[in-house]
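Commentary on secondary and tertiary structure
In case you want the letters, here they are:
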Amino acid sequence: MAMLTMTTPEAITAVFQRHTEHRLQLEELMLLFPQVLPENLKAFDADKIENLINFIKNVVNHETGSMVVSRQLVNIVVSRLEGEAIEGGMGAYGERCEPVESSLLKLALIKLLGVLQPRAISYEDQLAQVSYKLAGIFEGESNNKQAAFYLRNMNLEQAQRGIADAEKCEIYLRTARLYLEADEAEEAEKAINRVSLIIQNKDKKDDEQTIIYKALFARILDSRRRFLEAASRFYELANTQSLPQSDRMEALGNAITAVLLAPPVYGCVCSGTARTRMLIQLYKDERSMGTKSFALLEKTYLCRIIKTQEIAEFENSLRPHQKTNEAGENIVTNVLLEHNVIAASRMYETISLKALGELLGLKNEEEAELVAAGMISDKRLDAQIDQIDSKIIFKHTNPLKKWDENIGYLCEQVSKVYDGILSVHPEFVQAVETKM
């Protein structure tokens, strides 16, 4: 069979006209490789990339060409650029070789995407293959955002070949992780939501992919400053027995940090109902005493004043997104200052704005008034400000409820003492219970 010397549309047409069998068409097209794809890929350069892309474009866009053949050709070219041997290839093409240099491979694959995208419906698998390889290249260059972009654009739901749920899950999780590492939390959340249904339908709830999903979801919620939701997710991880102890303790520490950053609301245990439940769970977890933020957790739970130095130390341990909100305001200062205002409301019926400012570590009473006024306006504090006498009057409208809370707290403390005695002196507890 004579080798053609051109890769123009006319030469491609000649191949398709000469043969009707797909196998023969592909074999003859592969005979054109020496003109566009050197046997030794070290000789591959930018000019040869243009020749190769034009060749593939002529095959893909040929009106009478076979899509079966063009798809196979694209798969072969991509594999060869990575150094893979071509099955049935003549000479050196049938042997493995050194892959194309990374920057040239990236350029070739990007141009190849440009050829295939106008006909995306017909080349879904090939587009997915090229996108996946580009994602790997960009991730290797630490360009996580671009790597995630190519993974996100893979059409996994309508691919020509059936893609297993485990493979889809791996790609969606990787996309979420890459976006998260690129500080694109919103895009990361979109990616993690795509895998949620797959995870929910899994029979095994503690396999590796499910745990990765839970960890990523918790981190994404934290990055989006949805701290209360993040605390719940982190605490779920902290109770996952298949995780190593060190990972569970790290998750527990993250849960405590997140719940401390969730804004307090006037009422039981200085918070709203959901935050209260989370605080109670974390405070009662004996492992919490081994975390670095336990002292702060305890003061938050017991509604005690948190000192300025403690606030500063806590802030130094936080990641950038945990320090300020979208408006650039300091999250830690706002949350813990408001906690201290609520803690003060449990100790005083009235307090002067000057004394409140000193208690909060503020410069003057005007700043204290602004903090209290904002909380009252948002209905996070039940109080009123007397500007004539420069004082704040806290409203305690339900003494019975407060009494119940105090009794409940006392019972909890008695129960903790009992559990402590039982763990150290079980024989004493047994003797007392026998007499009872």
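Residues numbered from 1 in each chain as written. Predicted model: local features only at pLDDT ≥ 70, side-chain atom pairs only at ≥ 80, totals over all residues. Heavy atoms only, no water.

Our focus in this paragraph is the overall build of the protein chain. When its secondary structure is counted, the protein chain shows 22 helices and 3 strands. The globule rule puts the C-alpha radius of gyration for 436 residues at 22 Å, and the 33 Å found for the protein chain is more than 25% above it. Reported as C-alpha extents along the three principal axes, the dimensions of the protein chain are approximately 100 × 65 × 35 Å. With 436 residues in all, the protein chain has 43% of them scored as buried. For the protein chain, long-range pairs separated by at least 24 residues make up 60% of all intrachain contacts whose partners lie at least 6 apart in sequence. Just so you have it, the protein chain exposes about 23,000 Å², and 52% of that area is on carbon and sulfur atoms. (Helix = DSSP H or I, 4+ residues; strand = E, 2+ residues; numbered from the N terminus. Rg over C-alpha atoms; globule rule 2.2 N^0.38 Å. Buried < 20%, exposed > 50% of the residue type's maximum accessible area, 1.4 Å probe, protein only. Contact = heavy atoms within 4.5 Å. Areas by Shrake-Rupley, 256 points an atom, 1.4 Å probe, with all protein chains shown as cover.)

We now examine the layout of surface pockets. The volume enclosed by the largest pocket comes to roughly 580 Å³. Lining the largest pocket are 21 residues, and of these Leu180, Ala215, Arg219, Phe234 and Arg319 sit closest to its centre. Looking at the lining of the largest pocket, the elements that each hand over two or more residues are helix H11 (208–223), helix H12 (227–238), helix H13 (245–261) and helix H17 (320–323). It is H11 that contributes the most residues to the lining of the largest pocket, 7 residues altogether. Residue composition of the lining of the largest pocket, by class: 11 nonpolar, 3 polar and 7 charged. (1 Å grid on protein atoms, 1.4 Å probe; cavity = no way out; pocket = protein on both sides within 12 Å on 5 of 7 lines; lining within 4 Å. Points joined across faces, edges and corners; volume = space filled by probe spheres on them. Nonpolar A, V, L, I, M, F, W, Y, C, P; charged D, E, K, R; others polar.)

Moving on: the confidence of the model for the protein chain. For the protein chain, per-residue confidence averages 85 on the pLDDT scale, and residues scoring 70 or more make up 90% of the total. Counting contacts from residues 267–272, a segment whose pLDDT is below 50, to residues more than four positions away or on other chains yields 21 contacts. (pLDDT = per-residue confidence, 0-100.)

This part is about helix H20 (residues 365–377). Because an α-helix packs 3.6 residues into every turn, residues spaced three or four apart end up facing the same way. Helix length check: H20 (13 residues) gives 18 Å between terminal C-alpha atoms against 18 Å at 1.5 Å per residue, within 8%. The set of residues buried in H20 consists of Ala368, Val371, Ala372 and Met375. Relative to the axis of H20, the buried residues are bounded by an arc of 90° and lie together on one face. Across H20 from its buried face, at more than 90 degrees, point the exposed residues Leu370 and Ser377. As for H20, its buried residues are in contact with helix H18 (331–347), helix H19 (353–360), strand E2 (383–386) and strand E3 (391–394). A distance of 3.1 Å separates the backbone nitrogen of glutamate 366 from a side-chain oxygen at the start of H20, and that oxygen is part of asparagine 364. (Expected span 1.5 Å × (residues − 1). Arc of directions from axis to C-beta. Polar contact = N/O pair within 3.5 Å; in protein donor to acceptor, adjacent residues only side chain to side chain.)

Next up on the list: the packing of H18 against H19. The geometry of H18 relative to H19 is characterised by a closest axis approach of 10 Å and an angle of 130° between their N-to-C directions. With respect to each other, H18 and H19 are oriented oblique. Like other packed secondary-structure pairs, H18 and H19 cross with a definite hand, here right-handed. For the pair H18 and H19, the contacting residues are Leu337, Asn340, Val341 and Ala344 in the first and Leu356, Leu359 and Leu360 in the second. (Axes fitted to C-alpha atoms, helices over the stretch in contact; angles between N-to-C directions. Parallel < 35°, antiparallel > 145°, perpendicular 65-115°, else oblique. Left-handed = near helix turned anticlockwise from the far one by under 90°.)

Between its first and last C-alpha atoms helix H9 (residues 165–181) spans 24 Å; for 17 residues at 1.5 Å apiece the expected length is 24 Å, and the two agree. Among the residues of H9, Lys168, Cys169, Ile171, Tyr172, Leu173, Arg174, Thr175, Ala176, Leu178, Tyr179 and Leu180 are the ones counted as buried. Buried residues in H9 make contact with helix H7 (124–140), helix H8 (144–152), helix H10 (185–200) and H11. One or two residues past the end of H9 sits aspartate 183, with phi positive at roughly 60°.

Attention shifts here to the sheet that holds E2. Judged by pairing direction, the sheet is antiparallel, and its 3 strands sit side by side in the order E1-E3-E2 without closing on themselves. Unpaired on one side and paired on the other, strand E1 (350–352) and E2 mark the two borders of the sheet. On average, adjacent strands in this sheet sit at an angle of 20° to one another, irrespective of strand direction. Strand direction decides the pairing type here: E1 and E3, joined by 3 bridges, are antiparallel. Considered in E3, the bridge of threonine 350 is made with isoleucine 393. Contacts from H19 reach E1, E2 and E3 within the one sheet, and its direction differs from that of E1 by about 85°. (Pairing = 2+ DSSP bridges.)

Quick look at the pattern of salt bridges now. Under the defined criterion, the tally for this structure stands at 21 salt bridges. For glutamate 141, the salt bridge goes to lysine 106, with nearest N and O atoms at 3.2 Å. In this pair, glutamate 141 is assigned in the loop between H7 and H8 and lysine 106 in helix H6 (residues 102–116), connecting sequence segments 35 residues apart. Residue class for glutamate 141 comes out partly exposed when judged on its relative accessible area of 39%. Classification of lysine 106 as buried rests on a relative accessible area of 18%. Each of the salt bridges in this network shares a partner with another, and the network as a whole consists of Glu139, Arg174, Arg177 and Glu181. (Salt bridge = Lys/Arg side-chain N within 4 Å of Asp/Glu carboxyl O.)

Turning our attention to the environment of arginine 224. By the element assignment, arginine 224 lies in the loop between H11 and H12. By relative accessible area, arginine 224 is classed as partly exposed at 32%. On a C-alpha basis, the gap between arginine 224 and serine 352 in space is 37 Å, while along the polypeptide they are 128 residues apart. Those residues in contact with arginine 224 that lie beyond four places of it in its chain are Ala185, Glu186, Glu189 and Glu326.

Time to look at unusual backbone geometry. The residue cysteine 303 is not glycine, and still its phi comes out positive at about 60°. Tracing the backbone through its elements, the reader meets cysteine 303 in the loop between helix H15 (294–301) and helix H16 (308–316). When its relative accessible area of 6% is taken as the criterion, cysteine 303 is described as buried. In this structure, serine 390 takes a positive phi of about 50° despite not being glycine. The topology assignment puts serine 390 in the loop between E2 and E3.

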